[in-house]
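Below, each chain spelled out in residue letters.
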Amino acid sequence: MSQAATAVQTDTNAEHHEELSFLYKYILPTDHKIIAMQYIFTGMIMAVIGGYFAYAFRMQLAFPGELVPLYGLVGPGEYNMLVTNHGTIMIFWVAMPVLIAGFGNYIIPLMIGCDDMVFPRLNRLSYQIFLASTLVLILSFFVKGGGFGGAWTAYPPLSSVAEYSLTDWGASLWVLAVALEFVSFLLGGINFVTTTMNARAPGMKMMDIPIAVWFIVLAVILFMASVGPLIAGAVMLFMDQRIGTSFFLPSGGGDPLLWQHLFWFFGHPEVYVVLLPTLGIVADIITVFSRKKLFGYKTVLYTAFATGGLSFVVWAHHQFIAGIDPRMANVFVVTTVLISIPLAEMMFSYIATLYGGSIELKTPMLWALSFIAAFLIGGVTGIYLGASALDVYFHDSYFVLAHFHYTFFPITIIGMFAAITFWFPKMFGRMMNDTLGKIHFWGTFIPFNCIFLPLFFLGLAGQHRRIYNYNHFPDLATQELQNIRIFATVSLIVMLCFQLVFIYNFFVSMFKGKKAPDNPWNANTLEWSTPSPPPHGNFKTLPTVYRGAYEYSVPGREMDYWPQNEPPEES
Amino acid sequence: MSEAYAHPNYVKIWIWLLVLLALSVAGPMLEIPTLTIITAFGIAIVKAFLVAANFMHLKFEKKIIWFLLLMSICMLGVFFFGVAPDIMMTEGDQWIDCIADKSCVEQRL
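The rules behind each value
- Residues numbered from 1 in each chain as written.
- Chains lettered and ligands numbered in written order.
- Predicted model: local features only at pLDDT ≥ 70, side-chain atom pairs only at ≥ 80, totals over all residues.
- Heavy atoms only, no water.
- Contact = heavy atoms within 4.5 Å.
- Buried area = accessible area lost by both parts, 1.4 Å probe.
- Salt bridge = Lys/Arg side-chain N within 4 Å of Asp/Glu carboxyl O.
- Polar contact = N/O pair within 3.5 Å; in protein donor to acceptor, adjacent residues only side chain to side chain.
- Helix = DSSP H or I, 4+ residues; strand = E, 2+ residues; numbered from the N terminus.
- Expected span 1.5 Å × (residues − 1).
- Buried < 20%, exposed > 50% of the residue type's maximum accessible area, 1.4 Å probe, protein only.
- Arc of directions from axis to C-beta.
- Axes fitted to C-alpha atoms, helices over the stretch in contact; angles between N-to-C directions.
- Parallel < 35°, antiparallel > 145°, perpendicular 65-115°, else oblique.
- Left-handed = near helix turned anticlockwise from the far one by under 90°.
- Nonpolar A, V, L, I, M, F, W, Y, C, P; charged D, E, K, R; others polar.
- pLDDT = per-residue confidence, 0-100.

Details of the interface of chain B and chain A
Often, the extent of an interface is quoted as the loss of accessible area upon association of its parts. At the junction of the two partners, chain B supplies 14 residues and chain A supplies 20 residues. Buried area between chain B and chain A, summed over both chains or domains, comes out near 1500 Å², and the portion from carbon and sulfur atoms is 72%. Counting across the chain B and chain A interface gives zero salt bridges. Across the contact surface, chain B and chain A share two residue pairs in polar contact (both at pLDDT 80 or more).

This is the structure:
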């Protein structure tokens, strides 16, 4: 940007960023870093709830009809509620708040070199609406009939008729919570895009923006472009539930397929909405820990554009056997297979970045590498499901479930841990314990594979999802299949236990960890040029940018990194 | 930004809109199907363009705003044509009557 390039170094308005009272610093903050932490902590608390739900229903699957320790008996209705809200929470209340709203808020102003978001109060409002949506969702668990049990996709008529879902108010509160959450992210998205486009440090051209920032911005643009139909659908669903309309009810002339279209027109881009931030975070981490320039910065960026564009024309691959026009299925098979091309290209770029690098296996790097490995399995199995002929068999089986978790677990959980372990020193001014970090990594990654790899086999064996007790189905009640279910459940429990290591490491390091230097990883991006943790207002002096974000191991330089804000040497 | 806008002649645009409204009301009265479609949809598009360009000031905006508008219309088109074969061709009754009627199922396949 020419404006940015010609602007001069400015003293930050340090005098405008005086210390605030506790109320305005932590309860009603406008500082993007505090808002980011509010999102991240809320997301982490919700992750505990989502994980607890997973534990409860997995125990029911492994030991059907038995009392689940720390939970109780899981009946069929309760099972539906648990799986529905596990999915809802993990996608909408963990992946989105932590990866997009949380880390987006934290890193965008720091990485582009400005003092805050351009609309700080809008930012605060965004979190407050998100918090309200969280409370509404939690409230829905306690109303008569319990939480919503119509699956996170909320297909009508199951979701729109209380007699079918058996969760009258739970269903309506679920819709309300989701709608509120989307309003919150729309507000946040406006802030992210505007800040990145208008508030970059002097000298930071579009192609100097770190990939993590680019991808978060692209993600919110995808979100804003896709969410409209779903909000409209949510209003119609709410009206079907509460005032007797029949938008999606066949008995009144409505069409349930319309909801599926409205949902998936948002739902599939949503995969990329949460995927892109993690891809960006991973790109930044692998360059730092392999001390190499990102291979094909522009290629990576353009593949993300292509992925984003194509993500709008693949939605009906979720509906191949829902009764859609078979001619449309052909179209969506082609577009679905097409979308794997840019993503594969991006993965090759990441692998090429690693090639020949001085790889240092610190905890964030382990998470980043494991993301690439796990996500590739998720991506490749998606190609099977994208073929409509194969999907006839696989649809709604555990193969889909395993594929889905091989994409969403790396995106949400691995991406979240990668980001936390990487930026923790900046956020709290202290280092996390690397040994405990590695124990937590292996204790999560190995059980993760032990949970979900066997589920592919269960799916191939014909095990349908959303069944609370397989003993009712003779073909699926064999001991061999049950052993696999038990193995997956035990692996989940092992994985959950290892999260205690993370929680211990997180909180102990926050207060007693080794003091972190400003730039512990010798990274180039601007957030590492400010103190750890950054003061209110971020920078003592607003930085000027002289180069791209990935100038590592530049020949002829003594140091193997070259911060973006370091002035060029006089020749 | 706003001070840089040139203002269109709003009254003139309004009169054009009224004329087009009259045409779109009169067109269907002739009961010629093609003319009805042209007067209903064709004139609606022209009117929408006039409103967007003048009253919404798109005429005076940067190209990026037009690009965004175009993208939105494309998205609408993608969604409409992706959904229409399922929703519009069946009069919404396939879920009630069609399943019992084999010929109906065959026809849909």
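We are not done yet, so read on.
Digging into helix H1 (residues 10-29) of chain B
Residues and elements named next belong to chain B. With 20 residues, H1 extends 29 Å between its outermost C-alpha atoms, agreeing within 8% with the 28 Å of an ideal straight helix rising 1.5 Å per residue. Taken together, the buried positions of H1 are occupied by Ile-13, Leu-17, Leu-20, Ser-24 and Gly-27. The arc that holds every buried residue of H1, seen down its axis, measures 85°, which confines them to one face. Exposed residues pointing more than 90 degrees away from the buried face of H1 are listed as Val-11, Trp-14 and Met-29. Once H1 ends, the next one or two residues include Glu-31, with phi positive near 60°.

Focus: helix H11 (residues 326-354) of chain A
Working note: α-helix, 3.6 residues per turn, so residues spaced by three or four point in the same direction. Look at H11(A): 43 Å from first C-alpha to last across 29 residues, which is about the 42 Å you get at 1.5 Å a residue. Two residues or fewer past H11(A), Gly356(A) is found with a positive phi of approximately 80°.

As for the packing of helix H4 (residues 76-112) of chain A against helix H7 (residues 168-198) of chain A
Residues and elements named next belong to chain A. At a minimum axis separation of 11 Å, H4 and H7 run at an interaxial angle of 15°. By the criterion of interaxial angle, the relationship of H4 to H7 is roughly parallel. The interaxial crossing formed by H4 with H7 has left-handed handedness. Of the residues in the contact of H4 with H7, the class split is 14 nonpolar, seven polar and one charged.

Considerations on the confidence of the model for chain A
Taken over all residues, the pLDDT of chain A has a mean of 93, while the share at 70 or more is 96%. Across residues 1-13 of chain A the pLDDT falls below 50, and counting only partners more than four positions away or on other chains, this stretch makes 20 contacts in the model.

Focus on unusual backbone geometry
All names here are of chain A. Going from Pro-156 to Pro-157, the amide bond is cis rather than trans, its omega being 5°. One non-glycine residue, Leu-70, lies in the positive phi region at around 70°. The topology assignment puts Leu-70 in the loop between helix H3 (32-62) and H4. With phi around 50°, Arg-291 is a residue other than glycine that occupies positive phi space.

Remarks on the pattern of salt bridges
Residues and elements named next belong to chain A. This model, assessed by the stated rule, comprises ten salt bridges over all chains. The salt bridge partner of Lys-293 is Glu-551, with a shortest N-O separation of 3.1 Å. Taken as a pair, Lys-293 in the loop between helix H9 (256-290) and helix H10 (297-310) and Glu-551 in the segment after helix H16 (479-512) lie far apart in primary sequence, 258 residues in all. Lys-293 gets classed as partly exposed once you look at its relative accessible area, which sits at 45%. The salt bridge partner of Asp-396 is Arg-465, with a shortest N-O separation of 3.8 Å.

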